[in-house]
Amino acid sequence: MAQSTAVTSGHGAAQAAGIRTAIVPAAGLGTRFLPTTKSVPKELLPVVDTPGIEHVATEAAEAGFERLVIVTSPGKEAVAQYFQSQPELEEELRSRGKEKLVEKIRRAPGLMAKVETAIQDKALGLGHAIGCAEPNLDDDEKAVAVLLPDDLVLPRGVLGRMLNARAKHGGTVLCAFDIPRDQISAYGVFDVEDTDDPDVKKVNGMVEKPPADEAPSTFAAAGRYLLDRAVFDAIKRIEPGAGGELQVTDAIALMISEGHPVHVVVHRGGRHDLGNPGGFLRAAVDFALSDPEYGPDLREWLRGRIEE
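Residues numbered from 1 in each chain as written. Predicted model: local features only at pLDDT ≥ 70, side-chain atom pairs only at ≥ 80, totals over all residues. Heavy atoms only, no water.

1. Description of the overall build of the protein chain
Summing up its helical and strand segments, the protein chain has 11 helices and 13 strands in all. Considered along the principal axes of its C-alpha atoms, the protein chain spans approximately 60 × 55 × 40 Å. When burial is assessed residue by residue, the protein chain has 47% of its 308 residues classed as buried. Long-range pairs, those at least 24 residues apart, make up 78% of the contacts in the protein chain with a sequence separation of at least 6. (Helix = DSSP H or I, 4+ residues; strand = E, 2+ residues; numbered from the N terminus. Buried < 20%, exposed > 50% of the residue type's maximum accessible area, 1.4 Å probe, protein only. Contact = heavy atoms within 4.5 Å.)

Structure below.
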């Protein structure tokens, strides 16, 4: 059952486009973080002091999305609960004069107008997870955003550019990074053609993890999607792939084959992968170095540690 909490929302490009919902798939088991994820959902592991899912929710809120739908699995209720207010804790902290901590714990509940859940009972792929959120959408919503919580795309703002690209070209818009060709074989790679904007490309197809010399471009998929409502029909019509999973890339490929316009916006910033401990540690160090409280001491300690 969906759970919801009413809070104050911001304004942005999504509201101007009449697109209200951002989906965050968070039903995975977090196996690469076991044993911690036996009891703590991976999405709530802190990057310094803020969980990855709050970072992506902040990104969606800044772009003007009003509803967050967290696709979760049985036993991971804590992910949605993180976005609910805790007045008893707030009062306790206030009684101790810890107003700054009160501000911190009120951030997540104050991001979106609604936070809801959709349940994915079985891990049947990203396409299936996105499909589980369709009942949460209003009938008049023509598109939906999907943000993968393992991907931190920096600096924030690519969703606004993707919304602008949809306003101009229609259809579906994805985020891409320009990857050095010698590293491209680790990614899903777009077959593209140019538009009048050097950072917006029309997508003709996609190849999963091609050899570097056979890659159709150096533009690789990242964890941000702005999907036309037609994707839900496509998900219902694709065949399961490896492991019986329904992949959203197969649904997008089906839409392309049927003439649906798909574009990518090339993001020239950085990215952190929170999906594995090594990437998570790099993100934590990066964020901590930028923190005025922790950064100076950490930088000094790292210099000494590396010299050792």
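Alright, that's what it looks like, and here's the rest.
2. Side note on the nonpolar core
Ranked by size, the top nonpolar core spans 50 residues in total, and within it Phe65, Leu68, Ile70 and Phe83 carry the most contacts. Of all hydrophobic cores here, the second largest spans 36 residues; its members include Ile23, Val71, Leu126 and Phe232. (Core = buried A, V, L, I, M, F, W, Y, C linked by side-chain atoms within 4.5 Å.)

3. Concerning the pairing of strand E1 (residues 21–25)
Buried residues dominate E1, accounting for 5 of its 5 residues. Taking every second residue as pointing to the same face, both faces of E1 are buried, with Thr21, Ile23 and Pro25 on one and Ala22 and Val24 on the other. Where E1 meets strand E4 (residues 67–72), 5 bridges bridge the pair, whose relative direction is parallel. The partner of Val24 across the bridge, within E4, is Ile70. (Pairing = 2+ DSSP bridges.)

4. A few points about the confidence of the model for the protein chain
Here the protein chain shows a mean pLDDT of 91. Residues at 70 or above account for 95%. Throughout residues 1–10 the model reports pLDDT below 50, and contacts reaching past four residues in sequence, or to other chains, amount to 32 contacts. (pLDDT = per-residue confidence, 0-100.)

5. Looking at the pattern of salt bridges
Under the counting rule described, the total for this entry stands at 26 salt bridges. Put simply, Arg20 and Asp138 hold a salt bridge, and the shortest N to O gap is 3.2 Å. Residue Arg20 is located in the loop between helix H1 (13–17) and E1, and its partner Asp138 is located in the loop between helix H6 (126–132) and strand E6 (143–147); the two are separated by 118 residues in the primary sequence. Accessibility expressed as a relative area gives 29% for Asp138, which makes it partly exposed. A salt bridge links Arg94 to Glu99; the shortest N-O distance between them is 4.0 Å. When its relative accessible area of 31% is taken as the criterion, Arg94 is described as partly exposed. Glu99 sits in the partly exposed class, given a relative accessible area of 40%. Among the charged side chains, a network of salt bridges with common partners joins Arg20, Arg67, Glu116, Asp138, Asp140 and Glu141. (Salt bridge = Lys/Arg side-chain N within 4 Å of Asp/Glu carboxyl O.)

6. Topic: the UniProt feature "domain: Nucleotidyl transferase" (unreviewed entry) in the protein chain
In this structure's numbering, the residues bearing the UniProt feature "domain: Nucleotidyl transferase" (unreviewed entry) are residues 22–286. Counted over residues 22–286, helix gives 31% and strand 27%. Its end C-alpha atoms are 26 Å apart. (UniProt positions renumbered as here; feature names shortened; annotations may be inferred.)

7. Digging into the pairing of strand E8 (residues 172–178)
Within E8, 6 of the 7 residues are buried, leaving the element largely enclosed by the surrounding structure. Bridge count between E8 and strand E11 (residues 219–228): 5 bridges; the pairing is antiparallel. The residue bridging Leu174 from the neighbouring strand is Tyr225, located in E11.

8. Topic: the packing of aromatic side chains
What the rule picks out here adds up to 2 aromatic pairs. With a centroid separation of 5.8 Å and an interplanar angle of 75 degrees, the aromatic rings of Phe33 and Phe280 are classed as edge-to-face. Here Phe280 lies in helix H10 (residues 277–289) and Phe33 lies in the loop between E1 and strand E2 (46–47), a separation of 247 residues in the sequence. An identical accessibility class is assigned to Phe33 and Phe280; each is buried. Centre to centre, the rings of Tyr82 and Phe83 are 5.5 Å apart; their planes meet at 90 degrees, and the pair counts as edge-to-face. (Phe/Tyr/Trp six-rings, centres within 6.5 Å; stacked < 30°, edge-to-face > 60°.)

9. Quick word on unusual backbone geometry
A cis amide bond links Leu34 with the next residue in sequence, Pro35, at an omega value of 10 degrees. Assignment of secondary structure puts Pro35 in the loop between E1 and E2. Its identity as a non-glycine residue notwithstanding, Val48 has a phi of 65 degrees, on the positive side. With respect to the element layout, Val48 can be found in the loop between E2 and strand E3 (50–51).

10. Quick notes on the side chain of Glu59
Within the secondary structure, Glu59 sits in helix H2 (residues 52–62). Exposure remark for Glu59: the relative accessible area of 4% places this residue in the buried category. Beyond its immediate stretch of four places on either side in the chain, Glu59 contacts Leu147, Arg156, Val158, Leu159 and Arg224.

11. Brief notes about the packing of H10 against helix H11 (residues 295–307)
Viewed as axis vectors pointing N to C, H10 and H11 meet at an angle of 120 degrees, and their least axial separation amounts to 8 Å. With respect to H11, the axis of H10 lies oblique. Residues Val285, Ala288 and Leu289 of H10 pack against Gly295, Leu298, Arg299 and Leu302 of H11. Partitioning the contact of H10 with H11 into residue classes produces 5 nonpolar, 1 polar and 1 charged. (Axes fitted to C-alpha atoms, helices over the stretch in contact; angles between N-to-C directions. Parallel < 35°, antiparallel > 145°, perpendicular 65-115°, else oblique. Nonpolar A, V, L, I, M, F, W, Y, C, P; charged D, E, K, R; others polar.)

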